[in-house]
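Next come the chains, spelled out residue by residue.
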Amino acid sequence: DPFEKIEIMVNTWPTSRWLAEQIATVNDISAQVNFPFPNSHLRKFVQLYLGLDVKRADPWDTNPLTWTIIDVLPKLLEFSEAQNLSQWLNTDNSTSNELNKNKWELAKSIAKTFNSYFLYRPDLINSWWNLGYKSNNLINELTAHNKWQPLLLTLLRERISSEPICIQIFKVLDQLQRKEKPMKELPSQLQIFGITTLAPIQIDLIQALSSIIEIKMFLLTPCQDLWKRCQSRRES
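Residues numbered from 1 in each chain as written. Predicted model: local features only at pLDDT ≥ 70, side-chain atom pairs only at ≥ 80, totals over all residues. Heavy atoms only, no water.

**Side note on the sheet that holds strand E3 (residues 189–193)**
The strands that make up a sheet are held in pairs by hydrogen bonds between backbone atoms, and each pair lies either parallel or antiparallel.
Next up, step 1: Read from one edge of the open sheet, four strands run E2-E1-E3-E4, paired in parallel fashion. Pairing within the sheet leaves two strands with one partner each, and these edge strands are strand E2 (33–34) and strand E4 (214–218).
Next up, step 2: Pairing of strand E1 (residues 6–9) with E3 involves two bridges; the strand directions are parallel. Bridge assignment links Met9 to a residue of E3, and that residue is Ile192.
Next up, step 3: Across the sheet, helix H2 (residues 38–50) lies against E1 and E3, angled at about 125° from E1, the strand it touches most. (Pairing = 2+ DSSP bridges. Helix = DSSP H or I, 4+ residues; strand = E, 2+ residues; numbered from the N terminus. Contact = heavy atoms within 4.5 Å. Axes fitted to C-alpha atoms, helices over the stretch in contact; angles between N-to-C directions.)

Here it is in structure tokens:
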């Protein structure tokens, strides 16, 4: 259908430009084709499955999360576990209620780290998610300079109404395993082009989604000879 919107997941902007040109070369035109990146595209599938609003901005993204961390930082610094953060902030003689470049850069760095955790340390985030203040079992397992991190996540959970993407993915994986139907209609296909690396939790999600939708993967190979050798090894 000329009005059908097609989405092909890629990992770089140059890949999307090259692929659009190739589609136009073959079909004389490339229209209604979008090239989302893995984080945003897979997040849409998760939100549709859980019946969430796909148009709502994610408050756990780095930029909005930075400002939320700045808001909760004074309360975090009241905990003895955050003493190293308090000492670091005091080096520029700022009070806990002031906003300055050093405090903003600290919050930005923490937000980036937590966004990495959501994809590459999801089990850690999951274990912290239901952790209350001073729940010693998990906190005591951390090194002294990291004990503030689960406390910060607890403060963020109180401030942010939605869940981080990894918690949402865990819900989808659990519901798919129990063969529950999605709350909203999913796209009929998930098309993936030229992506050579994904976070393990994203791979788990794609594998689980393959039970209810069609997955099309277009993988790059250095040459046909190598692909034939890989095929012969699988057959042997």
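On we go.
**Regarding unusual backbone geometry**
Next up, step 1: The residue Asp28 is not glycine, and still its phi comes out positive at about 75°.
Next up, step 2: Looking at where Asp28 falls in the secondary structure, it is placed in the loop between helix H1 (13–27) and E2.

**Focus: the packing of aromatic side chains**
Next up, step 1: In the structure shown here, the tally under the stated rule is six aromatic pairs.
Next up, step 2: Here Phe193 and Phe218 contribute two aromatic rings whose centre-to-centre distance is 6.2 Å and whose plane-to-plane angle is 40°, an arrangement assigned as tilted. Of the two residues, Phe193 is situated in strand E3 and Phe218 in strand E4; the sequence distance between them amounts to 25 residues.
Next up, step 3: Relative accessible area serves as the criterion here: at 13%, Phe193 is assigned to the buried category.
Next up, step 4: Under the relative-accessibility criterion, Phe218 is labelled partly exposed at 39%.
Next up, step 5: Grouping aromatic residues by their ring pairs yields a cluster made of Trp18, Phe193 and Phe218. (Phe/Tyr/Trp six-rings, centres within 6.5 Å; stacked < 30°, edge-to-face > 60°. Buried < 20%, exposed > 50% of the residue type's maximum accessible area, 1.4 Å probe, protein only.)

**Here's the deal with a nonpolar patch on the surface**
Next up, step 1: A surface patch of nonpolar side chains, about 320 Å² in accessible area, is lined by Trp67, Leu99 and Trp104.
Next up, step 2: Position of Trp67 relative to the elements: it lies in helix H3 (residues 62–76). (Patch = residues over 30% accessible without salt bridge, like charges linked within 9 Å, V, L, I, M, F, W, Y side chains within 5 Å. Areas by Shrake-Rupley, 256 points an atom, 1.4 Å probe, with all protein chains shown as cover. Salt bridge = Lys/Arg side-chain N within 4 Å of Asp/Glu carboxyl O.)

**Topic: the pairing of E4**
Next up, step 1: Strand direction decides the pairing type here: E3 and E4, joined by five bridges, are parallel. If you follow Leu190 over to E4, its bridge partner there is Ile215.
Next up, step 2: Remark: the E3/helix H10 (residues 200–209)/E4 crossover connection has right-handed handedness. (Right-handed = clockwise from strand over helix to strand, strands pointing away.)

**Quick word on H10**
Next up, step 1: By the burial criterion, the buried members of H10 are Ile201, Gln202, Leu205, Ile206, Ala208 and Leu209. Taken down its axis, H10 places every buried residue within 165° of arc, on the same side. Exposed positions of H10 whose direction lies more than 90 degrees from the buried face are Pro200 and Gln207. (Arc of directions from axis to C-beta.)

**Some remarks on the packing of H3 against helix H5 (residues 101–120)**
Next up, step 1: Viewed as axis vectors pointing N to C, H3 and H5 meet at an angle of 120°, and their least axial separation amounts to 8 Å. Judged by the angle between their axes, H3 and H5 are oblique. The element H3 and its partner H5 pack so that their crossing is right-handed. On the side of H3, the interface is formed by Thr62, Asn63, Leu65, Thr66, Trp67, Ile69, Ile70 and Leu73, while H5 contributes Lys103, Trp104, Leu106, Ala107, Lys108, Ile110, Ala111, Lys112, Phe114 and Asn115.
Next up, step 2: Across the contact of H3 with H5, the residue classes break down as eleven nonpolar, four polar and three charged. (Parallel < 35°, antiparallel > 145°, perpendicular 65-115°, else oblique. Left-handed = near helix turned anticlockwise from the far one by under 90°. Nonpolar A, V, L, I, M, F, W, Y, C, P; charged D, E, K, R; others polar.)

**A few points about the pairing of E1**
Next up, step 1: In terms of strand pairing, E1 meets E2 through two bridges, oriented parallel. Across the sheet, Glu7 pairs through a bridge with Asn34, a residue of E2.
Next up, step 2: Between the parallel pair E1 and E2, the chain is carried across by H1, and the sense of this crossover is right-handed.

**Structural notes on the side chain of Ser162**
Next up, step 1: Following the sequence through the fold, Ser162 ends up in the loop between helix H8 (148–159) and helix H9 (165–177).
Next up, step 2: Ser162 gets classed as buried once you look at its relative accessible area, which sits at 15%.
Next up, step 3: With sequence-adjacent residues up to four places away left out, Ser162 is seen in contact with Arg56, Pro59, Trp60 and Trp129.

**Comments concerning the environment of Trp67**
Next up, step 1: Owing to a relative accessible area of 46%, Trp67 belongs among the partly exposed residues under this scheme.
Next up, step 2: Taking the C-alpha atoms as reference points, Trp67 and Trp104, separated by 37 residues in sequence, lie 8.1 Å from one another.
Next up, step 3: Look past the residues within four positions of Trp67 in its chain and what remains in contact with it is Leu99 and Trp104.

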